[in-house]
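Tertiary structure, described
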Amino acid sequence: MTTTTPARGRRRAPSRMERAAGRAAAFQKPRVILALLLLLALTSVMLLDGYLRSEIGNDARVRDGAAYDKVPSRILDGGPLLTFDHGTATTQSVPDRTIVLTFDDGPTATWTPQVLKVLEENDVDATFFMVGSMISRYPGVVKSLVKQGNEVGIHTFTHVDLSYQSAARLQRELKQTQLALAGAAGVTTTLFRAPYSSQIDAVDNYSWPVYQEIGDLGYTSVFVDTDSDDWKKPGVSKIVRWATPKKNKGAIVLMHDAGGDRSQTISALGTYIKKMKAKGYTFTTVSGAQAMLNGNRSGVGRQSGSVGAGAGAGASAGAGIGGTGAAQAAQHQAAGATLYEGRALVYAVAVAEWVVPALSWFLLVVGIAVMGRFGMMLVLARRHHRQRNRGRGKGGRGGGRFSWGPAVTRPVSVIVPAYNEKECIANTLRSLAKSTHPIEIVVVDDGSDDNTSEIAESLGMPNVRVVRQENAGKPAALNNGVRTARHDIIVMMDGDTVFEPDAVHQLVQPFADPEIGAVAGNAKVGNRTTLIGAWQHIEYVMGFNLDRRMYDLLRCMPTIPGAIGAFRRDAVLGVGGMSEDTLAEDTDITIALHRAGWRVVYQEHARAWTEAPGSLRQLWSQRYRWSYGTMQALWKHRKSLTDKGPSGRFGRVGMPLVVLFQIVTPVFAPLIDVFTGYSMIFVDFRAALLAWLAVLAVQLVCAAYAFRLDREKYRYLAMFPLQQLAYRQMMYLVLIHSCVTALTGGRLRWQKLKRTGEVGTPAGAGR
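Computed from a predicted model, the values in this text were never measured in an experiment. (Residues numbered from 1 in each chain as written. Predicted model: local features only at pLDDT ≥ 70, side-chain atom pairs only at ≥ 80, totals over all residues. Heavy atoms only, no water.)

Re the overall build of the chain
The test is simple: Helix and strand assignments come from DSSP, with helices taken as H or I runs of at least 4 residues and strands as E runs of at least 2, each series counted from the N terminus. Throughout this description, buried means an accessible area under 20% of the type-specific maximum (1.4 Å probe, protein chains only), exposed means over 50%, and partly exposed covers the range between. Residues are treated as being in contact if the distance between any of their heavy atoms lies within 4.5 Å. A 1.4 Å probe and the Shrake-Rupley method give the accessible areas. Residues count as covered only by the protein chains that appear here.
For the chain, the count of helices and strands is 24 helices and 22 strands. For the chain, buried positions account for 56% of its 767 residues. Long-range pairs, those at least 24 residues apart, make up 81% of the contacts in the chain with a sequence separation of at least 6. Working note: accessible area of the chain is about 32,300 Å², and carbon and sulfur atoms make up 56% of it.

Overview of unusual backbone geometry
Cis peptide bonds are those with omega within 30 degrees of zero, and the linkage from G106 to P107 qualifies with 0°. The topology assignment puts P107 in the loop between β4 (98-104) and α4 (112-121). The phi dihedral of T156 falls on the positive side, at around 70°, and the residue is not glycine. A relative accessible area of 0% means that T156 is categorised as buried.

Some remarks on the nonpolar core
Quick note on the threshold: In this description, a nonpolar core means a group of buried Ala, Val, Leu, Ile, Met, Phe, Trp, Tyr and Cys residues linked to one another through side-chain atoms lying within 4.5 Å.
Counting residues in hydrophobic clusters, the biggest one holds 98 residues, and the most contacted among them are L432, V443, V491 and F499. Ranked by residue count, the leading element in this core is helix α18 (residues 531-554), at ten residues. By size, the runner-up hydrophobic cluster in this structure holds 62 residues, among which are L162, L170, V187 and A268.

As for empty space enclosed by the protein
Operational definition: A pocket, in this scheme, is an open set of points on a 1 Å grid over the protein atoms alone with protein on both sides within 12 Å along at least 5 of 7 lines, while a cavity is a set where a 1.4 Å probe fits but cannot get out; residues line either one if an atom lies within 4 Å of a point. Grid points are joined across faces, edges and corners, and a volume is the space filled by probe spheres set on the points. Here the term charged refers only to Asp, Glu, Lys and Arg, the term nonpolar to Ala, Val, Leu, Ile, Met, Phe, Trp, Tyr, Cys and Pro, and the term polar to all other amino acids, Gly among them.
Within the structure shown, the criterion is met by two cavities of 30 Å³ or more. Counting residues per element, the ones that place at least two in the lining of the largest cavity are α16 (474-484), β21 (564-568) and α20 (585-595). When residues of the lining of the largest cavity are assigned to their parent elements, the largest contribution, three residues, is made by α20. Along the lines of polarity and charge, the residues of the lining of the largest cavity split into seven nonpolar, two polar and three charged.

As for a nonpolar patch on the surface
Keep this limit in mind: A patch consists of residues exposed above 30% relative accessible area that lack any salt bridge, with like charges linked at up to 9 Å and nonpolar side chains (Val, Leu, Ile, Met, Phe, Trp, Tyr) linked at up to 5 Å. Should a side-chain nitrogen of Lys or Arg be within 4 Å of a carboxyl oxygen of Asp or Glu, the pair is scored as a salt bridge.
On the surface, W361, L364 and I368 cluster together into a nonpolar patch covering about 370 Å² of accessible area. With respect to the secondary-structure elements, I368 resides in helix α13 (residues 336-388).

Observations concerning the pattern of salt bridges
Tallying each qualifying case throughout the model produces 21 salt bridges. Between D552 and R388 there is a salt bridge whose closest N-O contact spans 2.8 Å. Of this pair, D552 sits in helix α18 while R388 sits in helix α13, and the two are 164 residues apart along the sequence. One exposure class covers both D552 and R388, and it is buried. A salt bridge links E440 to R486, with the shortest nitrogen-to-oxygen separation between them at 4.0 Å. Separated by 46 residues along the polypeptide, E440 in strand β16 (residues 439-446) and R486 in the loop between α16 and β18 (489-493) bring together distant segments of the chain. Accessibility expressed as a relative area gives 57% for R486, which makes it exposed. One salt-bridge network, held together by shared partners, links K524, R528, D710 and E712.

Let's talk about the side chain of H637
Going by this rule: Here a polar contact is taken to be a pair of N or O atoms separated by no more than 3.5 Å, where protein atoms must pair a possible hydrogen donor with a possible acceptor and residues adjacent in sequence count only if both atoms sit in side chains.
Along the chain, H637 turns up in the loop between α21 (616-636) and α22 (649-683). In terms of polar contacts, H637 uses its side chain to reach the side chain of R595, at 3.2 Å.

A short note on a positive patch on the surface
Quick note on the threshold: We treat Lys and Arg as the positive residues and Asp and Glu as the negative residues; His and chain ends play no part in the count. By convention, the point assigned to a charge is CZ for Arg, NZ for Lys, CD for Glu and CG for Asp.
There is a patch of like positive charges on the surface, built from R97, K238, R241, K275 and K279. Take K279: it is sitting in the loop between α10 (263-278) and β12 (282-284).

Topic: the packing of aromatic side chains
For the record, the criterion: The rule is short: rings of Phe, Tyr and Trp, with Trp giving its six-membered ring, pair when the centres are within 6.5 Å, and they are stacked under 30 degrees, edge-to-face over 60, tilted in between. Only lysine NZ and arginine CZ atoms are considered, and such an atom sits over a ring when it is within 6 Å of the ring centre and within 35 degrees of the ring normal.
The final tally for this structure, using the stated rule, is five aromatic pairs. An angle of 40° between the planes, with centres 5.8 Å apart, marks the rings of F84 and W208 as tilted. Here F84, found in strand β2 (residues 81-85), pairs with W208, found in helix α8 (residues 208-216); they are 124 residues apart in sequence, far enough to count as distant. With respect to burial, F84 and W208 carry one shared label: buried. Measuring from ring centre to ring centre gives 5.1 Å for F103 and F128, while their planes differ by 20°; the resulting arrangement is stacked. Taken together, the positions of F103 in strand β4 and F128 in strand β5 (residues 127-130) put the pair 25 residues apart, joining distant regions of the chain. Directly above the aromatic system of Y164 lies the positively charged group of R63, at a separation of 4.0 Å from the ring centroid. Stacked on the ring of W635, the Lys or Arg R638 has its end atom at 4.2 Å from the ring centre.

A word on the environment of R638
Turning to its location among the elements, R638 is positioned in the loop between α21 and α22. R638 gets classed as partly exposed once you look at its relative accessible area, which sits at 37%. Separated by 17 residues in sequence, R638 and M655 have C-alpha atoms that sit 8.2 Å apart.

Re the confidence of the model for the chain
Keep this limit in mind: Confidence per residue, as judged by the predictor, is encoded in pLDDT with a range of 0 to 100.
Per-residue confidence for the chain gives a mean pLDDT of 84, with 85% of residues at or over 70. Ignoring residues within four places in sequence, the model shows residues 316-324, a span with pLDDT below 50, making 19 contacts including any to other chains. The low-confidence segment residues 761-767 (pLDDT under 50) makes 24 contacts with residues lying over four places distant or belonging to another chain.

Digging into the packing of α20 against α21
We count it as follows: Between N-to-C directions, angles cover 0 to 180 degrees, with each direction set by a line fitted to C-alpha atoms, over the stretch in contact for helices. An angle below 35 degrees is read as roughly parallel, one above 145 as roughly antiparallel, one from 65 to 115 as roughly perpendicular, and any other as oblique. Here a crossing is taken to be left-handed if its near helix is turned anticlockwise relative to the far helix by less than a right angle, and right-handed if that turn runs clockwise.
At a minimum axis distance of 8 Å, the contact between α20 and α21 shows a crossing angle of 25°. One finds that α20 runs roughly parallel with respect to α21. Pair α20 / α21 crosses with right-handed handedness. Here T587, D588 and I591 of α20 lie close against α21, whose contacting residues are T630, A633, L634 and K636. Of the residues assigned to the contact of α20 with α21, the class counts are three nonpolar, two polar and two charged.

A closer look at the environment of W208
Judged by relative accessible area, W208 falls into the buried class, the value being 8%. Taking the C-alpha atoms as reference points, W208 and S163, 45 residues apart in sequence, are found 8.4 Å from one another. Apart from the residues lying within four places of it in its own chain, the contact partners of W208 are K70, V71, P72, I75, L82, F84, A89 and V203.

Observations concerning helix α9 (residues 236-243)
Basically, it comes down to this: The directions from the helix axis to the C-beta atoms form the arc being described.
Turning to α9, its buried residues are I239, V240 and A243. Taken around the axis of α9, the buried residues stretch over an arc of 95°, which confines them to a single face. Where α9 is buried, its residues touch β10 (226-227), β11 (251-256) and α10.

Overview of the pairing of strand β15 (residues 412-418)
Condition: Strand pairing is assigned whenever DSSP identifies at least 2 bridges connecting the two strands. Throughout, right-handed denotes a crossover for which the path from the first strand over the helix to the second runs clockwise when the strands point away from the viewer.
Among the seven residues that make up β15, seven are buried, leaving the element largely enclosed by the rest of the structure. Alternating positions in β15 separate into two faces, V412, V414, V416 and A418 on one and S413, I415 and P417 on the other, with burial throughout. Relative to β16, β15 runs parallel, the two sharing seven bridges. The partner of V412 across the bridge, within β16, is I439. Taken together, β15, helix α14 (residues 425-433) and β16 constitute a β-α-β crossover, and its handedness is right-handed. Here three bridges tie β15 to β18, and the two strands are oriented parallel to one another. Across the sheet, residue I415 finds its bridge partner in β18, namely M492.

Here's the deal with the pairing of strand β22 (residues 599-610)
With respect to burial, β22 is a largely interior element, twelve of its twelve residues being buried. For strand β19 (residues 498-499) and β22, the ladder comprises two bridges, and the chain directions are antiparallel. Bridging from a neighbouring strand, V498 pairs with W609 of β22. Relative to β22, strand β20 (residues 516-525) is paired through eight bridges, and the arrangement is parallel. Its bridge partner lying in β22, A518 is registered against V600.

Right, here's the structure in full:
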């Protein structure tokens with residue numbers, strides 16, 4: 001029987017659906033770019049955080065015992081203040097009975113404020129040689145330090161031994177630290193202390209050229225006279241004794257406000273200051289000592305005009321932000337690009353400092369949830385399999401054969417929506433002709449222009465009716481089929497799907513239970529011989545055998561697949577039919593049935609074979625539509641969260657599970673992979689690799705169990721690791737693309753995939 005529509009012209013104008021699809025396609029590329037930019041931004045934040053923590057670009061080499069014959073003797077025998085005037089090196093020593101307290105490796109949020117408190121209580125200023133990465137992480141501490149009247153110096157950005165570094169790395173270390181100072185406290189400085197340096201007589205042939213280059217840039221290199229060795233934690237008395245200069249000489253004293261537990265330093269500091277003041281010593285900063293040496297106790301130290309390109313870039317002349325004259329003469333107000341770039345650096349670090357730990361904790365929670373989900377799926381899938389297969393093949397022994405109730409033998413209607421399915425429609429209908437259950441077949445031709453309906457009619461099957469309609473989309477075609485169906489049970493399938501002979505009979509048996517309104521079948525990938533097909537085969541088997549079994553037992557099945565599903569006709573009509581509100585009409589109708597009080601179950605023995613997308617482009621298009629449509633359906637039924645009674649079970653259980661594991665977790669999954677790759681490259685390759693392999697092993701166990709339940713060949717699991725590396729990443733990007741589309745208010749219409757018709761009537765399962 002054939003139902004016709006008015007004759008169409010030779011050239012048909014695009015339908016509303018096609019025009020909408022065309023407009024939507026124009027927006028896809030920008031949204032893909034936006035999604036990739038978002039992932040790139042988060043990756044950049046991670047890299048910045050790793051750089052600050054010396055996980056990236058870290059060079060732990062420290063030179064020791066090198067020759068020093070190329071270093072002038074007057075330098076090795078000179079004082080701890082090294083400057084260069086037009087290439088000529090000069091050293092100076094601190095005046096007698098003068099102490100210059102210096103602190104290295106800070107700032108920190110824990111110890112530096114305690115040092116500042118002791119200094120303020122004793123009315124003493126000090127010079128802090130700070131690491132740029134620490135400055136950018138604790139800008140508030142630096143600002144307070146400068147405001148209190150203390151002086152700052154550069155200790156590089158990542159605390160590396162500069163004698164191993166290139167000239168470009170040296171320049172970068174200095175510039176980045178200056179930017180950090182500018183962003184944190186609005187100042188730059190001309191003071192420098194190299195990491196791992198000590199007294200000036202330790203300068204060797206490798207470090208001497210570094211100091212020459214730094215001096216040419218206008219910096220004063222500051223060494224030490226006495227080292228408290230507080231990093232060794234020798235005890236308060238030893239720290240005080242080792243920091244005390246001999247014979248009333250002046251000294252630059254080294255202590256630390258970072259690098260570990262500095263409680264002994266804090267305890268020793270107050271004692272040391274009181275002891276030295278009692279001996280008649282004066283405390284000052286490096287600039288203060290230089291002013292004293294130049295006979296100027298009230299003016300500034302070195303003039304800003306002598307500052308070279310590295311130290312003076314972006315600085316204006318005058319005293320520092322504290323305005324304390326000689327004590328901060330080496331500091332200069334940051335201005336221009338240096339100031340704004342410095343603030344940008346500090347803001348970027350602040351974002352990284354918040355985002356990376358937050359993401360780390362979030363991903364930890366997600367990881368625990370995912371592992372818990374795997375465990376729950378395995379337990380519930382096993383229970384589901386044992387329950388639904390009880391007594392099969394055992395003659396009813398072992399507690400009785402499972403049954404839905406009296407066998408359902410009455411005829412059912414099979415609706416086949418078709419749009420340009422000339423490659424597949426014949427195979428689809430021939431497979432239905434072999435059905436062991438009495439059926440009528442309703443082919444709804446949704447405005448095809450490739451002779452789909454003619455091919456269906458030419459097969460001459462007596463139980464096939466072809467209904468033609470103007471192109472209106474799959475939901476409209478299904479609704480048309482429901483209206484014209486003659487039976488109370490409706491089986492819906494895709495035009496490219498091939499049913500096994502007993503598929504319909506198995507699919508309708510759950511309707512013996514009057515509470516069941518819909519049944520999800522077991523869709524299998526037919527074209528699994530290709531790489532993409534094999535990957536999708538793994539995904540289908542895991543998805544149907546684990547996810548659907550779990551959702552079935554929890555009574556919150558989220559989706560009846562369009563390839564194979566059955567419904568009570570009155571249930572479908574009761575919820576208004578197949579809605580065109582979303583792109584995932586199958587998810588939409590399933591949730592609607594839940595909310596109407598119907599139960600939805602999974603029938604694993606009802607198998608159908610479908611043709612999966614054959615190219616990455618088609619796969620992206622299909623999964624993009626699925627993901628976006630699922631979000632639309634969840635949003636449409638968001639009020640299910642507050643539904644009461646049995647009809648609210650999906651909102652209470654299913655909705656959170658779907659949102660968490662089908663949207664939130666996959667959206668953040670690329671970050672887990674980025675974290676893993678980052679850890680392998682920059683942190684601990686062995687530990688990160690073992691963690692990744694452990695997760696892969698858990699997933700492989702789940703996949704193998706799913707294959708066992710469905711009696712599939714295990715050989716396809718050989719492609720599982722590659723699927724996790726390539727295919728899974730694409731699926732994540734598709735979901736991110738869908739999220740961006742949803743957040744930007746984009747629209748997407750139903751899309752037709754190109755079919756080859758290579759999926760024929762199956763010879764049996766487990767091929």
